[in-house]
Amino acid sequence: MSREATPPFTEEEIPLTTAEINGRPTGALAEDVLSHWARGRPLSFRLPSLDRAVPIARGLAGLWLDAEDVRADHARDAALLVISELVTNALEHSNSAHITGWLRRTADRLLLEVRDQGKTSTVPRLHRATPDEDHGRGLALVAGCSQEWGVRLSADGSCSVWAVVPLSGRSTAAW
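A quick note: this is a predicted structure, and the numbers were derived from the prediction, not measured.

Novice: Explain the sheet that holds strand β5 (residues 148–153) to me, and be specific about the residues and the numbers.
Specialist: One open sheet accounts for six strands, arranged β1-β2-β3-β4-β6-β5; its pairing is mixed. Either end of the sheet is taken by a strand with one partner, and the two such strands are β1 (14–15) and β5. Where strand β3 (residues 98–105) and strand β4 (residues 109–115) come together, six bridges link them in antiparallel fashion. If you follow L103 over to β4, its bridge partner there is L112. Lying on the sheet, helix α4 (residues 73–92) is in contact with β2 (43–48), β3, β4 and β6 (159–166); it crosses β4 at an angle near 10°.

Novice: Could you give an account of the nonpolar core, naming the residues involved and the relevant values?
Specialist: In this structure, L16, L43, F45, L47, L60 and L110 are the most contacted members of the largest nonpolar core, which totals 45 residues. Going through the elements one at a time, α2 (26–34), β2, α3 (53–67), α4, β3, β4, α5 (138–145) and β6 are the ones with two or more residues in this core. Among the elements that line this core, the one with the most residues is α4, at 10 residues. In this view, F45 contacts E13, I14, A57, L60, I83, I99, T100, G101 and L103; residues no more than four positions away in its chain are not counted.

Conventions adopted
- Each chain has its residues counted from 1, following the order in which its sequence is written.
- Confidence filtering applies because this is a predicted model: local features only for residues at pLDDT of at least 70, side-chain atom pairs given and counted only at 80 or more, and all residues used for totals across whole chains, interfaces and linings.
- The side-chain values count all of the structure's non-hydrogen atoms but skip hydrogen atoms and water molecules.
- In short, DSSP must find at least two bridges between two strands for them to pair.
- We count a stretch as a helix when DSSP gives it H or I for four or more residues in a row; a strand needs E for two or more, and each element gets its number in order from the N terminus.
- Any two residues having at least one pair of non-hydrogen atoms within 4.5 Å are treated as being in contact.
- To get an axis, fit a line to the C-alpha atoms, keeping to the stretch in contact for a helix; angles then go from 0 to 180 degrees between the N-to-C directions.
- The nonpolar core is taken to be a set of buried Ala, Val, Leu, Ile, Met, Phe, Trp, Tyr and Cys residues, with the residues joined through side-chain atoms within 4.5 Å.
- Relative accessibility thresholds used throughout: buried, under 20% of the residue-type maximum; exposed, over 50%; partly exposed, between the two (1.4 Å probe, protein chains only).

Here you go:
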């Protein structure tokens, strides 16, 4: 885990409700939400703590990557895996009513971050799962797909986990 933290994102967010998520197919909802999103803007979304939040976040991220013309398979695959894992971890390891995600593109990398509302006593950290463990590989996957990653704890108790995915070449993360 990197000791360097990315600055917290402060963009306008897309808030989705439980009714919106439960009332629409995942792909159609993501397409509708991003149909009015201006290209070149970072993506920011807030999702309720539902299992369906993970595919919604992945759908939003995929459409945003399309709009940002991120075509390299390694960068797309890494970004989609990272956002899925970070959303999953926030949902599973906090008692948050909602989680917030951000994606931002620079010239040579993607910055991804997911924040929960806290309400948990554990801090996310890398765990090397044994072959017979069913869980515990999420942050190892994030570390493997990222150039760097880290955790930011806020005074309000929320926890953000962020990752940097390179647009060219492969991850250089060592874990």
